[in-house]
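Spelled out, the chains give:
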Amino acid sequence: MSQFFTLSVLTATLATAIKFAVPYLLASLGETIGQRSGVLNLGVDGIMLLGAFGAYYTVLETDSHLLGLAVGLIIGLLMGLLYAVVTVFLHAQQGISGIGIFLFGLGFSDLLFQELVGSVKPVKPLPTLDKLPGVGGIFEPLVDIDILGPLVFDHDLMTYTAFLLVPVVTWLLNKTTFGMNVRAVGENPQAADSLGVSVARTRFIAIMFGCVLAGLAGATLALQLAVFQHNLTNGIGFIAVALVYFGAWQPRWVMAGALLYGLVTATRLRWQSLDIIPQGASDIAAMTPAIITILALVLLASRARGPAALTKPFTRH
Amino acid sequence: MSAPVLQMHNITKTFPGVLANDDVSFDVHAGEVHTLLGENGAGKSTLMKILFGLYQPDSGQILLRGQQANITSPTDAIEKRVGMVHQHFMLVPTLTVAENVALGLPSSRGLRTDLDAVSERIASISEQYGLSVDPGVEIWKLSVGERQRVEIIKALYRDAELLVLDEPTAVLTPQEVDDLFVILRQMTAADTAIIFISHKLHEVMELSDRITVLRNGRVTGHTTPAETSRQQLADLMVGREVKLAPDKPPVDLGLVRLKLRGVTVKGDRGTIAVDNVDLDVHAGEILGVAGVSGNGQRELAETIAGLRPAEAGSVQLDDTDLSKANPAQSRAAGLSYVPEERMKDGAVGEFDVSENLLLINHGEKRFLRNGLFNFDAIKSHCQQLVDDFAVKTPSLSTPTSSLSGGNIQKVIMARELESSPAVLVAAQPTRGVDIGAAEYIHSQLVKQRSDGVAIVMISEDLDEVLGLADRIAVMFEGRIVKIVDRENATKDQLGLAMAGAG
Ligand SMILES: Nc1ncnc2c1ncn2[C@@H]1O[C@H](COP(=O)(O)OP(=O)(O)OP(=O)(O)O)[C@@H](O)[C@H]1O
Ligand SMILES: [Mg+2]
């Protein structure tokens, strides 16, 4: 145990935790917007898988991270379109539609991978600041700063984007007319409708935000790991949905949840590599993040109250 | 006279199995209050929802200021200067007053909300009409009366020239009703046209310029307060002669069936809501509990019903101690409870009528055959209750939430009275209920009284309390500040006690 509590190991663990948190954070911020408008999307994991494959394959073919991320984003957009049409305009039950999206994403991403790639071929990972082409040199000295360097400056651009999105989403929800409409239709769509707020349009846009971020989350995951394989996400999308509840529908608490999850995962991996957790127990250890999240949910869930109209389709009569 | 602000011509609207509006015509002029009167389910709300673009009529025409108007959504209605305060408030509880007012309006700051400007205008409207409310506070923190002011402000903010108020007084205290009427008179003085809906005849007589009576979706009469009387209005609404005050046969007072000693209860916010209350209710007695809402009546009722634990004191029904009882134990001991918030605590909206009627006693032998439901027995039992209580519903399998408010109350009443209770606690038994149904509910309460039931009737309506109760207790700030026999009670005296000045 003592080898874990050294400054350098702790710092490295924390830095890894921040990196691990990124896909969770992106996906759950998006899900937060959707849920605040009253739409639960259980298909996040499937959209992430498709975004992940799209980004991975694009980078494999073109070598461009930017293009890869763009493809992830567009896939999110398209899947969002599908989910929004089904749930908002056709009034389908949200729970089962989301599961459908997940299963589609899981199967289709694997099929495409088998057909187009076949075997595991790594791509180059998303560069950290100091490895950025052209400007990387500026950041090189910063990375060497004690503690602060690895924690703050040794990340890729998507990590900064994700954390920057926390205040942006907070602002969007609380300070814009769109955000106000989102909160209104998630809480009392009849009231919003009676004032001429289009419930369908508001939920549609909120779903698009959510799915675009899910697509980006998947793309980021694949490009951080620099590979794709069957079921790459391994349930990250579902955890992201749980984190929204954990975070009581508040972006900053959702971020806290994502960081906690990242930290527990990073600690577990570190302990395994340091043999603090015996090899035989690794399966059980792999479950700790999920268990901790569930515990946190149970402890916190009774306090927070979600959007009153969550999962309820809206019709005027 | 200039063209009426609103003319509705020959409006007809059907729902599956229901003719809600049948060839309805009426008009409203600027600066007048036109009242729509009718029993529960007469079609008043439906007609107003058509005006507001929430429903489309099957046939008929709407003219606004003499112009044919095609209103297909609330946005159209708002654009045409029609405002509506709905029977069930249309507010987002988690949003602030200003946010609720600003919803759906373009912001002067583009994408960003301009709540400061909105708040300023709310303040000036508040001042103009005496509608005091804090724009920055969330709706859920407001009292019912304050919420209603927000609804009115919403309409005024959109420059409504025609304002519909669908049963605005059903949830208000007498003082709040007076305040509301002052505001409404100011609005008509400023040439706003008002459509007012209420079941309370004295309010209708006091406020209206003209009255249109509906029954079963049809207009049964147009009149004015000068030409009519309360009795005549009641008869027009119901289509037969109505007894406005129930006959109470003399009943010999029996033993004490419900006994409270030192009952102290905490409210939702953790403060003391019921403070050291002693009560004895005898068999064959109706004890009326009067008081302005929010003085502990609801908490008291919930404690007797086993829904809210008492901090101290005891509740005893006949020989059973219910101080620590849960709702099932209270019911087993012979307690029936008609809650104040009927959609929340009294009925399951998504359940159909027969399911709600059976909510409590579905486990009884008479409804079962070989351990499964005996649907024939259930159906005939429910049909009997629906007939007895004159519940207006297309069928037993209609979702309860689509019944009109008064009919939902009848469903709950039917269920609670059917079990021949020892003690009945009825909170606001006729709130929002039409005269015909109120007459029926009152007659049922009197019948239960004759059968030796001990009844606690909580009501803010002093006429109801004075008409029915044998003894009257007034609650103020959680305590019983006055308890008098009916013979010795006067309205003024009770009103003063309710205000804490008894
Ligand atoms: N959305 C709906 N679907 C089906 N039936 C409906 C719907 N809305 C109203 N009805 C029915 O239409 C009739 C008229 O209802 P409405 O709500 O207009 O009555 P109301 O006069 O406002 O009664 P109350 O005084 O109880 O509010 C009722 O029989 C009601 O059950
Ligand atoms: Mg109505």
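Residues numbered from 1 in each chain as written. Chains lettered and ligands numbered in written order. Predicted model: local features only at pLDDT ≥ 70, side-chain atom pairs only at ≥ 80, totals over all residues. Heavy atoms only, no water.

Draft legend 1. Representation of the environment of Gly38 of chain B in the model. Residues and elements named next belong to chain B. Mapped onto the secondary structure, Gly38 falls in strand S3 (residues 33-38). Residue Gly38 is classed as buried on the basis of its relative accessible area of 0%. In this structure the C-alpha to C-alpha distance between Gly38 and Leu236, which are 198 residues apart in sequence, comes to 8.6 Å. (Helix = DSSP H or I, 4+ residues; strand = E, 2+ residues; numbered from the N terminus. Buried < 20%, exposed > 50% of the residue type's maximum accessible area, 1.4 Å probe, protein only.)

Draft legend 2. Broad picture of a nonpolar patch on the surface. All names here are of chain A. A surface patch of nonpolar side chains, amounting to about 340 Å² of accessible area, comprises Leu73, Ile74, Leu78 and Leu81. Relative to the helices and strands, Leu78 resides in helix H3 (residues 65-89). The class for Leu78 is exposed, based on a relative accessible area of 53%. (Patch = residues over 30% accessible without salt bridge, like charges linked within 9 Å, V, L, I, M, F, W, Y side chains within 5 Å. Areas by Shrake-Rupley, 256 points an atom, 1.4 Å probe, with all protein chains shown as cover. Salt bridge = Lys/Arg side-chain N within 4 Å of Asp/Glu carboxyl O.)

Draft legend 3. Spotlight on the side chain of Asn407 of chain B. As for its position among the elements, Asn407 of chain B is in helix H14 (residues 405-418). Ignoring anything within four residues of it in the chain, the contact list for Asn407 of chain B reads Asn40, Gly41, Ala390, Val391 and Lys392 of chain B. (Contact = heavy atoms within 4.5 Å.)

Draft legend 4. View of the layout of surface pockets. Residue and element names in this part refer to chain B. By volume, the second largest pocket amounts to about 1100 Å³. What lines the second largest pocket is a set of 45 residues, among which Lys200, His202, Asp461, Asp463 and Glu464 lie closest to the centre. Counting only elements with at least two residues in the lining of the second largest pocket, the list comes to helix H6 (174-189), helix H7 (201-207), helix H15 (435-450) and helix H16 (462-468). With six residues, the top contributor of residues to the lining of the second largest pocket is H15. (1 Å grid on protein atoms, 1.4 Å probe; cavity = no way out; pocket = protein on both sides within 12 Å on 5 of 7 lines; lining within 4 Å. Points joined across faces, edges and corners; volume = space filled by probe spheres on them.)

Draft legend 5. Structural detail: the nonpolar core. If you look at the biggest cluster of nonpolar residues, it comprises 79 residues, and the most contacted ones within it are Leu6, Met8, Met48, Leu51, Leu162 and Ile195 of chain B. Residues contacting Met48 of chain B, with those up to four places away along its chain left out, are Met8, Phe26, Leu36, Met84, Val164, Ile195 and Ile197 of chain B. Within the second largest apolar cluster, 59 residues are counted, among which are Ile101, Cys211, Leu213 and Ala214 of chain A. (Core = buried A, V, L, I, M, F, W, Y, C linked by side-chain atoms within 4.5 Å.)

Draft legend 6. Layout of the sheet that holds strand S13 (residues 285-290) of chain B. All names here are of chain B. Strand order in the open sheet formed by six strands is S16-S19-S20-S13-S21-S22, with mixed pairing between adjacent strands. One side of each edge strand has no neighbouring strand; the edge strands of this open sheet are strand S16 (335-338) and strand S22 (479-485). The average undirected angle you get between the axes of adjacent strands in this sheet is 15°. As paired strands, S16 and strand S19 (residues 423-427) are joined by four bridges and run parallel to one another. (Pairing = 2+ DSSP bridges. Axes fitted to C-alpha atoms, helices over the stretch in contact; angles between N-to-C directions.)

Draft legend 7. Layout of the domain arrangement of chain B. All names here are of chain B. What the domain assignment lists for chain B is domain 1 (4-238), domain 2 (247-334 + 421-502) and domain 3 (341-420). Averaged C-alpha coordinates put domain 1 and domain 2 at centres separated by 33 Å. Three residues stand out in domain 1 for area buried against domain 2, namely Asn40, Thr173 and His199, and they jointly supply 35% of the buried area on that side. On the surface where domain 1 and domain 2 come into contact, there are zero salt bridges. Inspection of the region where domain 1 meets domain 2 yields zero residue pairs in polar contact (both at pLDDT 80 or more). Every element with two or more residues in the side of domain 1 that touches domain 2 is listed here: H7 and helix H8 (230-238). Looking at the side of domain 1 that touches domain 2 element by element, the count peaks at three residues for H8. (Domains from an automatic or database assignment. Buried area = accessible area lost by both parts, 1.4 Å probe. Polar contact = N/O pair within 3.5 Å; in protein donor to acceptor, adjacent residues only side chain to side chain.)

Draft legend 8. Seen up close, helix H9 (residues 297-304) of chain B. Residues and elements named next belong to chain B. Across the eight residues that make up H9, a large majority, seven, are buried. Inspection of H9 places Gln297, Glu299, Leu300, Ala301, Glu302, Thr303 and Ile304 among the buried residues, and these make up the whole buried set. One or two residues past the end of H9 sits Gly306, with phi positive at roughly 80°.

Draft legend 9. Quick peek at the pairing of strand S4 (residues 59-64) of chain B. Residues and elements named next belong to chain B. Across five bridges, strand S1 (residues 6-15) lies against S4 in antiparallel orientation. Its bridge partner being in S4, His9 is matched across the sheet by Gln61. Across two bridges, S4 lies against strand S5 (residues 67-68) in antiparallel orientation. Residue pairing across strands places Leu63 opposite Gln68, the latter belonging to S5. Once S4 ends, the chain turns through two residues before running back antiparallel as S5, passing Arg65 with a positive phi of about 50°.

Draft legend 10. Structural view of empty space enclosed by the protein. All chains considered together, the criterion is met by three cavities of 30 Å³ or more. For the largest cavity, the calculated volume is near 130 Å³. Along the walls of the largest cavity sit 16 residues, with Leu195 of chain A together with Phe52, Gly83, Met84 and Ala155 of chain B positioned nearest its centre. Contributing elements (two or more residues each) for the lining of the largest cavity: strand S6 (82-85) and helix H5 (144-157) of chain B. Residues belonging to the lining of the largest cavity are distributed by class as follows: eight nonpolar, three polar and five charged. In this structure, the second largest cavity encloses a volume near 70 Å³. Lining the second largest cavity we find Gly30, Glu31, Gly34, Val39, Asn41, Val44, Tyr83, Ala206, Ile207, Gly210, Cys211 and Ala214 of chain A. Counting residues per element, the ones that place at least two in the lining of the second largest cavity are helix H1 (7-36) and helix H10 (199-225) of chain A. Looking at the lining of the second largest cavity, the element that brings in the most residues is H10 of chain A, giving five residues. Considering only residue class, the lining of the second largest cavity consists of seven nonpolar, four polar and one charged. (Nonpolar A, V, L, I, M, F, W, Y, C, P; charged D, E, K, R; others polar.)

Draft legend 11. Quick peek at the interface of chain B and chain A. In this assembly, 30 residues from chain B lie in contact with 22 residues from chain A. If you sort the residues of chain B by the area they bury against chain A, Met90, Leu103 and Thr113 of chain B come out on top, with a joint share of 25%. A salt bridge links Glu99 of chain B to Arg183 of chain A, with the shortest nitrogen-to-oxygen separation between them at 2.7 Å. Inspection of the region where chain B meets chain A yields four residue pairs in polar contact (both at pLDDT 80 or more). Where the side of chain B that touches chain A is concerned, the elements lending two or more residues are helix H2 (74-79) and helix H3 (97-102) of chain B. Of the residues contributing to the side of chain B that touches chain A, the split by class is 15 nonpolar, 11 polar and four charged.

Draft legend 12. Local environment of the pairing of S1 of chain B. Residue and element names in this part refer to chain B. As defined by bridge partners, S1 adjoins strand S2 (residues 18-28) across seven bridges and the pair is classed as antiparallel. Across the sheet, residue Gln7 finds its bridge partner in S2, namely Asp27. Where S1 hands over to S2, the hairpin turn is made up of two residues, of which Gly17 adopts a positive phi near 80°.

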